[in-house]
Amino acid sequence: MQRCPSSPCDKEAYLPGYIEDRWLKKKKDPVTGKREKTARYGTGKRYRVAGIPGVRDRSFDTLEDAKAWLRRAATDEERGEFVDPRDGSITLADYIAMHWAPGRGGVPKTQDNRERRVRLHIVPHLGDLPLRNIAAADLRVYIAKLESTVSSVDYQRGILSELSSILEAAVDDKRLARNPMQAKSVRWPKAPQERRDAWPLETALRVRDVISPRNRIAVVVGLGCGLRQGEVFGLSPEDIDYARGVLHVRRQIQAIRGRLYFALPKGKKTRTVDMPSSVADELKQHIEAFPPVEVELPWGKPEGQERRFSLLLSTRLGNAVAVNTWNTYTWKPALAEVGIIPPRAEGAKPWQWAAAPKDGFHVLRHTYASTMLEAGESVVTLARWLGHSSPAITLGYYAHFMPEAGSKGRSAIDGLLGERGDRHAGRNSPDSPQAR
């Protein structure tokens, strides 16, 4: 804290910052004894509050207004709650555009998802509200509306997480005293269980057998090695190590607004996955029937530098496979053929299939995990093959696929105690030496 250096506020001692009169010079004229006018005399707001660390200067018309603001600032500063109410007058939409969105990090896909959540679900409903006017009551109404219009609870929570992040940044910027999303009365939709559902193996094999021959390998690799869909589409012959029996997962194909690009696998982590001999045989047959094609795409983001890779899967025209197109024209027709989803309605557009969120390509990964765990594979090993950052994540998703979990431990204890129990019974029998 400093003592105010200018005469109008000398009596306001030891305040955080000072008040400057911008119409009159600080020093008096030595001849007249009066303070001279500045070049801006009579224009703009006269008094400026400055010198508060981390807070931009403020201007006021009257000295009393400036002093009152400075006194409140001093009190709030001591409590660690200093917020200029005028900073909170900016609308949520303007704050997002001018202060929150610029400089936000993350991979391009994450940035695109964030922008979509804000543009479609936050700004249209709350964007016109000044930051300081966003109250718990507004958020309760907003969450109720969100629950009635957005079917996925995960997506609802993602939107609310984005909103909370924005408001938390406003707190850090001293535009809000506290984040209203953290009010006790603001209850988020309950997070769904992390349980993942798998197909019966017979269902997966039926889909494999009815899908087009060119795309059969996608089902084989998804089911046999647990790769994500984009990782399958980004697989190159150079990633196959037949001698060691492994696949190297080094890239995936992503899309932002229809523009394809190569990227590192999820979490920016490459990994090595076990490759069963049956998968290796199918890969050899696929390469012979559908020779790999070199494809050039940007790396890292749609505007990235072009890189070329030979891909196992491509379109008939030799292009990289786009996930949405493949799902519409290849995957869902196969699901309909085996009866997983209903056939497309007569006269419907090619993309107008019944929604199948639990029967997307990712279900092959769940089926792979369930098969591995039911066969007794180590959770630690499976987590490494799936690319999970921790075995705890794998357990959280797939523990229900371990119906025999604990049986080995029970058998060991029963064997141990049973053996000791037999010995104990023998020592206490009437014919034992101890009994005699």
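Residues numbered from 1 in each chain as written. Predicted model: local features only at pLDDT ≥ 70, side-chain atom pairs only at ≥ 80, totals over all residues. Heavy atoms only, no water.

Student: Even after reading the chapter, I still don't get the packing of helix α3 (residues 108-126) against helix α5 (residues 153-172), so can you show me in this structure?
Tutor: Packing of α3 against α5 leaves a shortest axis separation of 10 Å and a crossing angle of 75 degrees. As judged from the angle between their axes, α3 and α5 are roughly perpendicular. Seen from α3, the contacting residues are R114, R116, R117, V118, H121, I122 and L126; seen from α5, they are Y155, G158, I159, E162, L163 and I166. Residue composition of the contact of α3 with α5, by class: seven nonpolar, two polar and four charged. (Axes fitted to C-alpha atoms, helices over the stretch in contact; angles between N-to-C directions. Helix = DSSP H or I, 4+ residues; strand = E, 2+ residues; numbered from the N terminus. Parallel < 35°, antiparallel > 145°, perpendicular 65-115°, else oblique. Contact = heavy atoms within 4.5 Å. Nonpolar A, V, L, I, M, F, W, Y, C, P; charged D, E, K, R; others polar.)

Student: Hey, could you run me through the environment of A50 in this one?
Tutor: Mapped onto the elements of the fold, A50 is located in strand β4 (residues 47-50). Here the alpha-carbon distance between A50 and G17, two residues 33 residues apart in the chain, equals 5.5 Å. If sequence neighbours within four positions are ignored, A50 has contacts with G17, Y18 and D57.

Student: When you look at the environment of Q229 in this model, what are you seeing that I'm missing?
Tutor: Among the secondary structure elements, Q229 is positioned in helix α8 (residues 229-233). Residue classification places Q229 among the buried residues on the basis of a relative accessible area of 14%. The spacing of Q229 and G360 is 131 residues in sequence and 9.5 Å in space, taken between C-alpha atoms. Residues contacting Q229, with those up to four places away along its chain left out, are V323, W326, N327 and F361. Polar contacts involving the side chain of Q229 include one to the side chain of N327, which spans 2.8 Å. (Buried < 20%, exposed > 50% of the residue type's maximum accessible area, 1.4 Å probe, protein only. Polar contact = N/O pair within 3.5 Å; in protein donor to acceptor, adjacent residues only side chain to side chain.)

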